[in-house]
Amino acid sequence: MRVAVVMKTASGAAFDAVDAHWREARVLPGVMSPYDAHAVEAAVRLRETGVAVEIVIVSMAGSEVLGALRDALAMGADRAVLLTDPALKGGDIQSRSRVMAAMLGSVDPDLVLYCPWSGDIDGSLLFGATAARLGKPVIAQARSLGVSESVVRCVRQVEEGDQQLTATLPCFVELTETINKPRYATIKGKQAARAKPVRAITLADLALEPSDAAAGTKSLSAVPAPSRAQPQVIEYSATCAADILAFLRQRDLLE
Amino acid sequence: MKVLIYLEFRAGEITADSLGVASHLVQRGFDVTGILFAPEGSDSTTAFGLGMQGVVAIAVPADDRFPVAGRIATIAKLVNEENFGTLLFATSAQSCDIAAALCGMFDAGLLHSLVSLEQQEGELLARRTTLAETVVVDAQWLSRMRIGLFRCAAFPAPAPGAGEVSISHAAYVNATAGVLAERCETHGGGGVALRDADIIVAAGRGIGAPEKLDLIRDLAAILGGAWGVSLPLVDMGWAPRNLQVGQTGSIVQPKLYIACGISGQIQHRIGVENSGTIVAINKDLEAPIMGFCDLAVVGDLNKIIPELIAQMEAE
């Protein structure tokens with residue numbers, strides 16, 4: 001079984017929140033996101049149990065992500081494919097999923113894994129849209145992962161409780177960070193990683209035009225969100241409890 | 001402008017979040033049609049009186065093994081037949097699955113975390129939050145087909161109205177492939193579901209030991225509220241997952257949230273930020289939560305909580 005792990009670039013440092021919104025994703029050199037590590041770990045464990053035969057890291061970014069790719073290869077992935085193209089700049093879920101689908105189509109995996117930050121709804125939606133374009137089932141927010149030759153079983157926490165989900169391969173699974181504890185790469189692993197192939201491709205290699213990477217949405221303006229007023233502070237004292245109740249009463253919060 | 005809103009049916013009723021979005025859209029002058037998947041004979045009267053153009057009701061079979069695939073196929077059929085160009089959702093686990101799939105299927109532009117949608121000179125203007133809610137962005141779709149996901153708890157639940165809404169029926173397109181779902185209900189604990197609670201008392205690592213959760217339960221009881229925990233306590237096995245407050249647990253919007261021994265990392269903050277009033281009890285004034293709460297009580301919760309309970313009993 002071939003397992004693809006999608007690696008998303010993390011944002012680097014920005015001046016402030018608004019700057020971070022406009023600025024293109026930048027990765028601190030040589031650093032794999034801790035979230036991506038969970039997905040790589042899940043893939044490596046599948047190989048250790050004999051379910052997976054090949055692990056391919058797939059990423060759409062600039063060359064700044066090479067360090068992160070090497071980290072993943074050092075953990076045990078076999079090869080990486082990196083799509084770099086200036087036309088990717090400013091893409092959104094619609095355009096990125098279109099490109100990612102083409103990329104994964106060419107890799108042709110049996111199982112695609114991805115672990116975003118738990119608050120990264122953007123990454124989560126991107127993954128789901130990519131799976132839909134390829135006509136493959138997708139399981140979101142899996143807290144557990146059981147893989148056999150033809151079927152994947154996961155548990156997902158939804159509002160009402162836990163769902164047991166089953167999908168036939170090939171399929172996409174988005175993991176949550178609670179799924180495992182990633183290993184540290186060994187020195188041997190890091191050395192071996194240097195020889196593992198990283199193939200850089202452009203949109204043209206996927207038979208895509210720059211217009212295929214054009215976003216379907218546009219940001220017009222970005223301003224800092226209004227924040228809560230400064231809190232009132234009470235230090236513990238003999239009247240502490242009474243003060244708290246007075247505060248609650250003033251806000252009409254007690255019956 | 002004609003829009004389609006997904007009215008999510010969960011735990012026996014249409015979710016307050018989806019009704020809130022529908023109401024917002026009606027108030028902004030949109031021609032709103034709701035689409036509702038619910039078991040045969042379900043009560044959809046909460047959708048009445050909101051001013052929607054109509055509701056398309058689809059009876060879901062008892063044996064709904066591929067719920068997401070079935071809904072996607074049914075919605076896609078309706079979109080093609082009725083020529084809907086704008087599909088809107090209130091964020092939830094299921095609606096994210098559906099919206100993402102429709103985005104891929106229809107090659108549609110997708111904007112999420114919306115807090116409002118306006119019509120301006122025939123153009124759609126969406127306002128959304130991003131970067132853990134630190135930035136507010138005005139955005140537009142450039143695509144022919146538009147999908148929007150409103151953020152959780154973007155609007156208060158509208159008051160039930162007295163008006164009518166025209167209900168039409170469509171058939172459920174039963175899927176035979178996709179992701180098979182078997183559900184285990186795990187709600188319970190505390191009696192009042194976190195998501196609907198008006199008052200919540202929550203414990204974090206600062207509580208120190210699982211036995212100390214009695215303090216939290218007692219305080220919640222005397223306030224008539226629900227109790228919950230932050231993620232670390234669930235990971236340590238001190239409380240079940242369904243009591244977790246936070247982004248990977250329940251996103252809550254009570255009138256009053258009392259955080260005891262919780263540091264207030266961003267994942268927790270996102271889960272509670274919509275609360276009316278946040279009271280934080282913590283030994284450490286530098287903890288993040290002490291910066292975004294309304295009342296910061298600096299001290300030992302082992303002293304403060306019993307005294308608070310005693311004071312309430314005395315009054």
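Residues numbered from 1 in each chain as written. Chains lettered and ligands numbered in written order. Predicted model: local features only at pLDDT ≥ 70, side-chain atom pairs only at ≥ 80, totals over all residues. Heavy atoms only, no water.

Moving on to the pattern of salt bridges. In total, this model carries 19 salt bridges over all chains according to the counting rule given. Here B:E315 makes a salt bridge to A:R249, at a shortest N to O gap of 2.4 Å. Linking B:E315 in the segment after α8 (301–314) with A:R249 in helix α7 (residues 240–250), this pair reaches from one chain into another. Notably, a salt bridge pairs B:R10 with B:E8, separated by 3.5 Å at the nearest N-O pair. One network of salt bridges, with partners in common, ties together A:E41, A:R45, A:E48 and A:R183. (Salt bridge = Lys/Arg side-chain N within 4 Å of Asp/Glu carboxyl O. Helix = DSSP H or I, 4+ residues; strand = E, 2+ residues; numbered from the N terminus.)

Time to look at the sheet that holds strand β16 (residues 277–282) of chain B. Backbone hydrogen bonds hold the strands of a sheet together, and the pairing may be parallel or antiparallel. Ordered in space as β11(A)-β17(B)-β16(B)-β15(B)-β13(B)-β14(B), the six strands form an open sheet in which the pairing is parallel. Looking at strand neighbours, the two that pair on one side only are β11 (232–235) of chain A together with β14 (226–229) of chain B, the edges of this open sheet. Averaged over all pairs of adjacent strands, the angle between their axes in this sheet comes to 15°, without regard to strand direction. The pairing of strand β13 (residues 199–203) of chain B with β14(B) spans four bridges and is classified as parallel. Opposite B:A202, over in β14(B), you have B:G228 as the bridge partner. Where α8(B) meets the sheet, its contacts fall on β15 (256–260), β16 and β17 (295–298) of chain B, and the angle it forms with β16(B) comes to roughly 130°. (Pairing = 2+ DSSP bridges. Axes fitted to C-alpha atoms, helices over the stretch in contact; angles between N-to-C directions. Contact = heavy atoms within 4.5 Å.)

A word on the packing of aromatic side chains. All names here are of chain B. A full pass over the atoms with the stated rule returns six aromatic pairs over all chains. Ring geometry for F37 and Y172: centres 6.0 Å apart, planes at 75°, overall edge-to-face. Residue F37 is found in strand β4 (residues 31–39), and its partner Y172 is found in the loop between β11 (167–170) and β12 (180–185); the two are separated by 135 residues along the sequence. On the accessibility criterion, F37 (2% relative accessible area) is buried. Within the aromatic cluster, the residues linked to one another by ring pairs are Y6, F37, F89 and Y172. Residue placement shows K2 over the ring face of F84; its charged tip is 4.6 Å from the ring centre. Here R217 stacks its cationic end above the ring of W227, 4.9 Å away from the centre of that ring. (Phe/Tyr/Trp six-rings, centres within 6.5 Å; stacked < 30°, edge-to-face > 60°. Buried < 20%, exposed > 50% of the residue type's maximum accessible area, 1.4 Å probe, protein only. Lys NZ or Arg CZ within 6 Å of the ring centre and 35° of its normal.)

Turning our attention to the confidence of the model for chain B. Residues and elements named next belong to chain B. Per-chain confidence: chain B averages 89 in pLDDT, with 96% of residues scoring 70 or above. Taken as a whole, residues 187–192 scores under 50 in pLDDT and shows nine contacts with residues more than four places along the chain or in a different chain. Confidence metrics for the complex model read pTM 0.86 and ipTM 0.89. (pLDDT = per-residue confidence, 0-100.)

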